[in-house]
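Okay, here's what each chain looks like letter by letter:
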Amino acid sequence: EILSYNTINKSVTPEFRVNGQQIRKFSWGENSNYLAFVSVEDGQAMLNLQTGTVNSILKTFQTETDQTNSRTRVFFTDNGQYAIYSTIKKDIIPATRRGEQDVEIVTPMIFVYQLNGSQVDEISNASDAFLINDTTLGYMKDSMLKYRTIGVGDETDITQFQGFNPEISSDKNNIIYWRNEATDRVILG
């Protein structure tokens, strides 16, 4: 169940009761009119977009367990035009011979939807999505930080990247992230 707490009248309001076993991440949209979240039930991830009391499941697919909840992000562009979901997709390729095991392929994915539920972008093998501006999305892919205009297929490299959870500064001049060194020290970049 997703609940909200009103800090003015100090009350708790149920926003949505989900059948899922887990809510990985969620985010409010502009003026709290929208709620985007990733729910998981029986190994299926569901990308949800709620408008008022109406919930729409935008996409459903098999997913891998995300023990730390660090592989999933959900947010809206500042102008409220897009909802962005970054999560894990799992495909299972059935074994072709007796005695062999099925092959599991785990892929980090980014999905971008307009608030009317139309999908405008899907980026495979990409994670750690962040906004550069309302139409430009940054992310990690192939050990690189990259960016692209939402809905346009061309990617541009920013820099080589070995780290986790990149976040861009409010002035858009710096990207902070963390990484572990072999000595188990955590370094902020």
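Before any of the text, the structure's been laid out above.
This is a predicted model, so every value here is computed, not measured. (Residues numbered from 1 in each chain as written. Predicted model: local features only at pLDDT ≥ 70, side-chain atom pairs only at ≥ 80, totals over all residues. Heavy atoms only, no water.)

A. Structural context of the sheet that holds strand E8 (residues 82-93). Strand order across the open sheet formed by 4 strands is E7-E8-E9-E10, with antiparallel pairing between neighbours. The open sheet is flanked by strand E7 (73-76) and strand E10 (119-124), the only strands paired with a single partner. On average, each strand axis in the sheet is tilted by 25° relative to the strand beside it, whichever way the strands run. Pairing analysis gives 5 bridges linking strand E9 (residues 103-114) to E10, with the strands arranged antiparallel. Of the residues in E10, the one forming a bridge with Val112 is Asp121. (Pairing = 2+ DSSP bridges. Helix = DSSP H or I, 4+ residues; strand = E, 2+ residues; numbered from the N terminus. Axes fitted to C-alpha atoms, helices over the stretch in contact; angles between N-to-C directions.)

B. Fine view of the sheet that holds strand E14 (residues 156-160). Reading across from one edge, E11-E12-E13-E14 is the order of the 4 strands in this open sheet, with antiparallel pairing throughout. If you trace the sheet from one side to the other, it starts and ends with strand E11 (127-133) and E14, each paired once. Averaged over all neighbouring strand pairs, the angle between strand axes comes to 25°, with direction disregarded.

C. Examining the packing of aromatic side chains more closely. One pass over the full model with this rule turns up 3 aromatic pairs. Centroid distance Phe61 to Phe111: 5.4 Å. Interplanar angle 35°. Geometry classified as tilted. Of this pair, Phe61 sits in strand E6 (residues 54-62) while Phe111 sits in strand E9, placing them 50 residues apart in sequence. Look at Phe161 and Tyr177: their rings are 4.9 Å apart centre to centre, the planes differ by 70°, and that puts the pair in the edge-to-face class. Residue Phe161 is located in the loop between E14 and strand E15 (164-168), and its partner Tyr177 is located in strand E16 (residues 175-180); the two are separated by 16 residues in the primary sequence. Residue classification places Phe161 among the buried residues on the basis of a relative accessible area of 4%. (Phe/Tyr/Trp six-rings, centres within 6.5 Å; stacked < 30°, edge-to-face > 60°. Buried < 20%, exposed > 50% of the residue type's maximum accessible area, 1.4 Å probe, protein only.)

D. Local environment of a nonpolar patch on the surface. A grouping of Leu3, Tyr5 and Val12 is seen on the molecular surface, where their side chains present a nonpolar patch of about 320 Å² in accessible area. On the secondary structure map, Val12 appears in strand E2 (residues 11-16). (Patch = residues over 30% accessible without salt bridge, like charges linked within 9 Å, V, L, I, M, F, W, Y side chains within 5 Å. Areas by Shrake-Rupley, 256 points an atom, 1.4 Å probe, with all protein chains shown as cover. Salt bridge = Lys/Arg side-chain N within 4 Å of Asp/Glu carboxyl O.)

E. Broad picture of the pattern of salt bridges. Applying the stated criterion across every chain yields a total of 8 salt bridges. One salt bridge connects Asp157 with Lys146, and the closest N-O pair in it is separated by 2.7 Å. Residue Asp157 is found in strand E14, and its partner Lys146 is found in strand E13 (residues 144-149); the two are separated by 11 residues along the sequence. Judged by relative accessible area, which is 10%, Lys146 ranks as buried. Within this structure, Arg73, Asp128 and Glu167 form a network of salt bridges that share partners.

F. Quick look at the nonpolar core. Residues Ala36, Leu47, Leu49, Ala83, Tyr85 and Phe111 are the most contacted members of the largest nonpolar core, which totals 15 residues. Among the elements of the structure, strand E4 (34-41), strand E5 (44-51), E6, E7, E8 and E9 are those that each provide at least two residues to this core. Not counting residues within four places of it along the chain, the set of residues in contact with Leu49 comprises Tyr34, Leu35, Ala36, Val54, Asn55, Ser56, Leu58, Phe76, Ala83, Tyr85, Gln114 and Leu115. Counting 12 residues, the second-largest nonpolar core is a separate cluster that includes Val112, Ala126, Leu137 and Tyr139. (Core = buried A, V, L, I, M, F, W, Y, C linked by side-chain atoms within 4.5 Å. Contact = heavy atoms within 4.5 Å.)

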